[in-house]
Amino acid sequence: MAARFEDIPVTEIAVKTRTRSVSRDAVAVLRQSYEDHGGFTTPIHVRKAKTGFELIDGAHRLTLARDLGLETILARVWHCSQEEARFFETDANLALAHLTPVALARSLAVRHEAYLNLHPGTAPGIAGALAKHGLQRTEMSFAEFVGAVMGVTPRQVRRIVQAGRALMPDQAQALEAAPKRVTMDDLYVISKIGEAPERSFVIDTLARGGAPKAAAARKLWKAEQGMAPEPLTNTDQTLLRLMDAWKRAPKIARRRFLEEKGGELQALLDEMRDD
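Residues numbered from 1 in each chain as written. Predicted model: local features only at pLDDT ≥ 70, side-chain atom pairs only at ≥ 80, totals over all residues. Heavy atoms only, no water.

Trainee: Before we move on, can you summarise the overall build of the protein with the specific residues and values?
Mentor: In terms of helices and strands, the protein carries 13 helices and five strands. Across the 275 residues that make up the protein, the buried fraction comes to 31%. Sequence-distant contacts in the protein: of pairs separated by 6 or more residues, those separated by 24 or more amount to 70%. Total accessible area on the protein is roughly 17600 Å²; 54% of this is exposed by carbon and sulfur atoms. (Helix = DSSP H or I, 4+ residues; strand = E, 2+ residues; numbered from the N terminus. Buried < 20%, exposed > 50% of the residue type's maximum accessible area, 1.4 Å probe, protein only. Contact = heavy atoms within 4.5 Å. Areas by Shrake-Rupley, 256 points an atom, 1.4 Å probe, with all protein chains shown as cover.)

Trainee: Please give an account of the pattern of salt bridges that cites residues and values.
Mentor: A side chain with one charge can pair with a side chain of the opposite charge if their charged atoms come near. Scanning the model with the defined rule gives ten salt bridges in all. Here Arg61 makes a salt bridge to Asp57, at a shortest N to O gap of 3.4 Å. Residue class for Arg61 comes out buried when judged on its relative accessible area of 14%. Asp57 gets classed as buried once you look at its relative accessible area, which sits at 17%. Salt-bridge contacts for Arg273 lead to Asp270; the nearest nitrogen and oxygen are separated by 2.2 Å. Of this pair, Arg273 and Asp270 both sit in helix α13 (residues 251-274), separated by three residues, roughly a single helical turn. Look at Arg273 and you get exposed, because its relative accessible area is 59%. (Salt bridge = Lys/Arg side-chain N within 4 Å of Asp/Glu carboxyl O.)

Trainee: Any chance you could break down the environment of Pro43 for me, citing the residues and the numbers?
Mentor: Turning to its location among the elements, Pro43 is positioned in the loop between α1 (24-37) and β3 (44-48). A sequence separation of 32 residues divides Pro43 from Ala75, and the C-alpha atoms of the two residues are 4.9 Å apart.

Trainee: Just give me the short version of the packing of helix α8 (residues 169-176) against helix α10 (residues 196-207), but keep the residues and values in it.
Mentor: At their nearest, the axes of α8 and α10 sit 8 Å apart, and the two run at 30° to each other. Judged by the inter-axis angle, α8 sits roughly parallel to α10. When you trace α8 past α10, the crossing you get is left-handed. Note on element contacts: α10 touches α8 through Ser200, Ile203, Leu206 and Ala207, opposite Gln171, Ala174 and Leu175. For the contact of α8 with α10, the residue count by class is five nonpolar, two polar and no charged. (Axes fitted to C-alpha atoms, helices over the stretch in contact; angles between N-to-C directions. Parallel < 35°, antiparallel > 145°, perpendicular 65-115°, else oblique. Left-handed = near helix turned anticlockwise from the far one by under 90°. Nonpolar A, V, L, I, M, F, W, Y, C, P; charged D, E, K, R; others polar.)

Trainee: Give me the pairing of strand β4 (residues 53-57): which residues, what numbers.
Mentor: For β4, the buried fraction is high: five of the five residues fall into the buried class. As paired strands, strand β2 (residues 13-14) and β4 are joined by two bridges and run parallel to one another. Bridge assignment links Ile13 to a residue of β4, and that residue is Phe53. Alignment of β3 against β4, held across four bridges, turns out to be antiparallel. Bridge pairing in β4 places His45 opposite Asp57. Linking β3 to β4, which pair antiparallel, is a turn of four residues; within it Gly52 sits at a positive phi near 80°. (Pairing = 2+ DSSP bridges.)

Put into structure tokens, the structure is as follows:
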């Protein structure tokens, strides 16, 4: 597909059926960014049609351009088929989904830090003080914007940011290389660990596959520090479940079990006697 950059009239861009609808909340945040930077930071993508252009990617930017009454907008113009354009659109929508939990948390944490540097008045405490005087920034925060995009609440976004802030760059790299994919729940657990030694232990344990989950790694840490008993092995846990099931089962169920598995049990008993 060939493409070129061009300032094109907003009125000549047609918007066909979209796979993702425009969020007015997202447009509000985009307007805030537009005002901060004095314009759009990235061009939209359009397809050259027989008459005018068809939007591929950038519905929120185009909506804002129309709201602002802009005559033209910078676009990357593609000469492609409608099917190729649809493929392009869905690829752009899936970009966020391609991020691992660790990469997403770190990305949002870095963006949050940059946002606070640009708008220190939005920091907790300061925002409340400014609000009393009607001076606080009124546009929504990026947490609300990302929440609208991801389909989660701003509170969940803030939890993700907190998880990302708990990781140093080298720790994030180590977790990305872990034999088992680190989940967002693991990151939530890590973000709540106040002591650096314990946090480092949990991260290192997950990175080398020493525990399946962050919660399990925390139990290992407490056991090593003498603050909790040694965690049960998988074998011990299975044994406890079997013993509990046998204890709870009525007599008729136990007899049925022995009828079904008696031969295997006898073979195991014989093997134990031989040992």
